[in-house]
Amino acid sequence: MKIKEKNSQNFIFHFLTISFGTVINIVLGLLITPIITRLVSTEDYGRFSIFNMYTNIATMVLCMGLDQALVRFFYAREEKEYKQGLFRFCLIFPMSVTLVVSLFFIITDRSGFCRIEFSGAVLLMLCINIMAAICGRIVALILRATYQSKLYVVCQITGKVVYTGVILLILGLFRIRNFQSLVFSVVCSTISVAVIAMYYSFDYWTFQPCGTLIKRREILQYSFPFILSMGVTTIFEAADKLSLQYLSTYKELGIYSSAMSIIHIFAIVQSAFNILWAPMQTEHYIKNPNDTSFIQRGNSYITILMFWVGFNLVLFKDIFVLILGKEYRGASYILPFLIFHPIMYTISETTCSGIEKSKKSYLNIFVALGACIVNILGNCIFVPMYGGRGAAISTGVSYIVFFMIRTIFSNRYYYIDYHLKKLCILIITTVMFSWFCTFYNFNFITIGLYMINSMLLVVLYKAEIRELISIGKEYMKKL
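Here we summarise the structure given alongside this text.

Calculation notes
- Residues numbered from 1 in each chain as written.
- Predicted model: local features only at pLDDT ≥ 70, side-chain atom pairs only at ≥ 80, totals over all residues.
- Heavy atoms only, no water.
- Helix = DSSP H or I, 4+ residues; strand = E, 2+ residues; numbered from the N terminus.
- Buried < 20%, exposed > 50% of the residue type's maximum accessible area, 1.4 Å probe, protein only.
- Areas by Shrake-Rupley, 256 points an atom, 1.4 Å probe, with all protein chains shown as cover.
- Phe/Tyr/Trp six-rings, centres within 6.5 Å; stacked < 30°, edge-to-face > 60°.
- Contact = heavy atoms within 4.5 Å.
- Expected span 1.5 Å × (residues − 1).

Some words on the overall build of the protein chain
And then number 1: In terms of helices and strands, the protein chain carries 20 helices and 0 strands.
And then number 2: Across the 479 residues of the protein chain, 57% fall into the buried class.
And then number 3: Element-wise, carbon and sulfur atoms account for 68% of the exposed surface of the protein chain, whose accessible area totals about 21100 Å².

Shown next, in the form of structure tokens:
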């Protein structure tokens, strides 16, 4: 029992450490977002969101699942040479492929064979950004896997500070207020994160041969299904923006992206939790394969925190959008259903243990495919009717489907009692709350629905809330 409590407290300690860094990033985001939305047009902001979308798509696909494999196999052996060899393999392979793909697109664009919607300079910055993002992602995993929470936080804060400094310099001092200035700023930020992460993970940068320690075939068999699943996932995650781009306008896309930026700014819990959960629960499973209590607790804790943050975000949505400027006021009605993106994805990270433990990574393809179909159909139906609101509704519903399919597959191979009935009740009442706030202005009904959902959360997870409060008090005593 003491070991379980120690594991929970250790997790929460690192969680709160990373949360502190995320709070700093949020403060910087709150400072810079209203400046950008007031100085840059909605059309340029919409194009910038497409640039970021392409970066995210390419990063997910071109990592080739080796970022997932690095976490999954990192704790398999304790030898330093093994971990160094695993890191080297998981970094060099995707970086080499990314370089070849980047050169292909640059050459075809320059030759006129296949024109890209961006100019040549922006395309070059996109390729550099993708290379830096992949490098930073895999290198930062070493900091996560070794629980160097403070160093990881330093990397993230540095990236945000660089982005804030460069964008203020360009928009404010040089008065270059266009799409390209945003792109240049984010590229500088991505590179800075990669460089700092490389510096802090210096011990793992070695070119010494690792012999037969690394089972490359097993690693590739585990990681390659992620290429297809990530490909489908990127379509799933990009469906809302692409639908608005082709079925609506760049202005509507810009407003939608501004609402999404608020979701990202306030996703403190999601960021901190996801950073820690994958390596910690993998290590726990390898050392204690029959102990499911750690995963159960993690599931309950994150459910409480994510839904509580979501309720408050919807209640105060009209206040949050004030920071965006007059042109972006419509984001208030887009925001309610977007909360299901961080909520359901983060909770599903705790309910997908069976997929990882069984090494049946190909199941992620079916998870992503089911959610993708729902999202595409939803966007085709709702975007022509409601614009950005319709895209948000479709996104929210598809993430609920994503969570359901992921959990069903996981429990088939590694059953854990997640108390899904309680969770389903919360999802249904939150959908009702979000639907009302999507189409109606703030009134007494809004407050009533907020109170009902909050009280329901307390009643359903009363014991877990007490545990969280107790652990929080212990953490404060140690400060």
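Next comes the rest of the write-up.
Some words on the packing of aromatic side chains
And then number 1: A complete count under the given rule lists 14 aromatic pairs for this structure.
And then number 2: Between the aromatic rings of Phe-337 and Trp-435, the centroid separation amounts to 6.2 Å while the plane-to-plane angle is 90 degrees, which identifies the pairing as edge-to-face. Of this pair, Phe-337 sits in helix α13 (residues 331-338) while Trp-435 sits in helix α18 (residues 420-439); the two residues are 98 residues apart in sequence, bridging distant segments of the chain.
And then number 3: The exposure class of Phe-337 is buried, given its relative accessible area of 2%.
And then number 4: Centre to centre, the rings of Phe-382 and Tyr-386 are 6.3 Å apart; their planes meet at 20 degrees, and the pair counts as stacked. You can see Phe-382 and its partner Tyr-386 sitting in helix α16 (residues 363-386), 4 residues apart, about one turn around the helix.
And then number 5: Since its relative accessible area comes to 24%, Phe-382 is described here as partly exposed.

Let's talk about the side chain of Ser-434
And then number 1: The residue Ser-434 is located in helix α18 in this model.
And then number 2: You can call Ser-434 buried: its relative accessible area is 0%.
And then number 3: Those residues in contact with Ser-434 that lie beyond four places of it in its chain are Pro-336, Phe-337, Ile-339 and Phe-340.

Comments concerning unusual backbone geometry
And then number 1: A positive phi angle, near 60 degrees, is found at Met-64, a position not held by glycine.
And then number 2: You can see Met-64 is positioned in the loop between α2 (42-62) and α3 (66-73).
And then number 3: Judged by relative accessible area, which is 11%, Met-64 ranks as buried.
And then number 4: The phi angle at His-419 is positive, at roughly 55 degrees, despite the residue not being glycine.
And then number 5: On the secondary structure map, His-419 appears in the loop between α17 (388-413) and α18.

As for helix α11 (residues 293-315)
And then number 1: With 23 residues, α11 extends 33 Å between its outermost C-alpha atoms, agreeing within 8% with the 33 Å of an ideal straight helix rising 1.5 Å per residue.
And then number 2: With 19 of its 23 residues buried, α11 lies for the most part within the structure.

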